[in-house]
Amino acid sequence: MTKPVAEGGYGFPESKLWVTVYDDDDEAADIWHKQVGVPKDRIQRRGMADNFWSMGVPGPCGPCSEIYFDRGPQYGKEGGPVADEDRYLEVWNLVFMQYNRDASGKLTPLPKPSVDTGAGLERLSCVLQGVYSNYETDLFTPIINAIAKKVNIPVGKSKDFDISMRVIADHLRSSTFLIA
């Protein structure tokens, strides 16, 4: 598999993509391998803590499948997402909403199961821009630089100040979305 993921799309090399499925979700694993073409050695199984999404108890829930991008050895060790989630960054997920969990933990099949899917804008930006953190992307750097200029403290001078600027930038961006 050497073609880009989507012609005219992001152009990720397929060799950099990994997939996780819920432990006993053979159907999802088979679809990823047989229909999508993901090699079996890049499909990993994970348990309840990682690949079973829940909105809360009580509430809808179900197994999920996630797509990860291998950012390379400079970010961590080999072995796929189960080995290192700094190196392998989740960029997309699919939640198979199949159950309702009651307060006792009992799972009841939903009358109309569905699939909830989504990509992380900031995570995709990290991958496309080749940076480690959301706050290093062009979604945040202009805001962070403006904060640094306003308070006259350069980015990188203090770890604590950098964290504070990131928090402020995140809140400013969220506030802008709310106002819009």
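Each remark here, short or long, concerns the structure printed above.
So, a few notes on the structure that sits alongside this text. (Residues numbered from 1 in each chain as written. Predicted model: local features only at pLDDT ≥ 70, side-chain atom pairs only at ≥ 80, totals over all residues. Heavy atoms only, no water.)

1. Re the side chain of Ser 65
Relative to the elements of secondary structure, Ser 65 occurs in strand E4 (residues 59-70). Ser 65 gets classed as buried once you look at its relative accessible area, which sits at 0%. Separated by 2.9 Å, the side chain of Ser 65 and the backbone oxygen of Thr 20 make a polar contact. (Helix = DSSP H or I, 4+ residues; strand = E, 2+ residues; numbered from the N terminus. Buried < 20%, exposed > 50% of the residue type's maximum accessible area, 1.4 Å probe, protein only. Polar contact = N/O pair within 3.5 Å; in protein donor to acceptor, adjacent residues only side chain to side chain.)

2. Let's talk about the packing of helix H4 (residues 141-151) against helix H5 (residues 159-179)
Contact pair H4 / H5: the axes reach a minimum separation of 9 Å and the direction vectors enclose 120°. When the axes of H4 and H5 are compared, the pair comes out oblique. Crossing geometry of H4 relative to H5 is assigned as right-handed. Here H4 contributes Ile 143, Ile 144, Ile 147, Ala 148 and Val 151 to the contact with H5, which in turn contributes Phe 161, Met 165, Arg 166, Ile 168, Ala 169, Leu 172 and Arg 173. (Axes fitted to C-alpha atoms, helices over the stretch in contact; angles between N-to-C directions. Parallel < 35°, antiparallel > 145°, perpendicular 65-115°, else oblique. Left-handed = near helix turned anticlockwise from the far one by under 90°. Contact = heavy atoms within 4.5 Å.)

3. A closer look at the pattern of salt bridges
Side chains that differ in sign of charge can pair as their charged atoms come close. Summed over the entire model, instances satisfying the criterion amount to 6 salt bridges. Here Arg 45 and Asp 26 are joined by a salt bridge, their closest N and O atoms 3.0 Å apart. A residue pair is termed long-range when its members are at least 10 positions apart, and Arg 45 in strand E2 (residues 43-46) and Asp 26 in helix H1 (residues 26-36) qualify at 19 residues. For the salt bridge of Arg 173 with Glu 122, the shortest nitrogen-to-oxygen distance reads 2.2 Å. Of this pair, Arg 173 sits in helix H5 while Glu 122 sits in helix H3 (residues 121-129); the two residues are 51 residues apart in sequence, bridging distant segments of the chain. Residues joined by salt bridges that share partners form a network here, namely Arg 46, Asp 50 and Glu 85. (Salt bridge = Lys/Arg side-chain N within 4 Å of Asp/Glu carboxyl O.)

4. Observations concerning unusual backbone geometry
In this structure, Pro 58 follows Val 57 across a cis peptide bond, with omega equal to 0°. For Asn 152, which is not a glycine, the phi torsion comes out positive at approximately 60°. A relative accessible area of 68% means that Asn 152 is categorised as exposed.

5. A look at H1
Among the residues making up H1, those that are buried are Ala 28, Ala 29 and Trp 32. Along the axis of H1, the buried residues cluster in a sector spanning 105°; they form a single face. Among the exposed residues of H1, those oriented more than 90 degrees off its buried face are Glu 27, Lys 34 and Gln 35. Considering only its buried residues, H1 is in contact with strand E1 (17-22), E2, E4 and strand E5 (88-101). Where H1 ends, the next residue or the one after it, Gly 37, has phi of about 95°, a positive value. (Arc of directions from axis to C-beta.)

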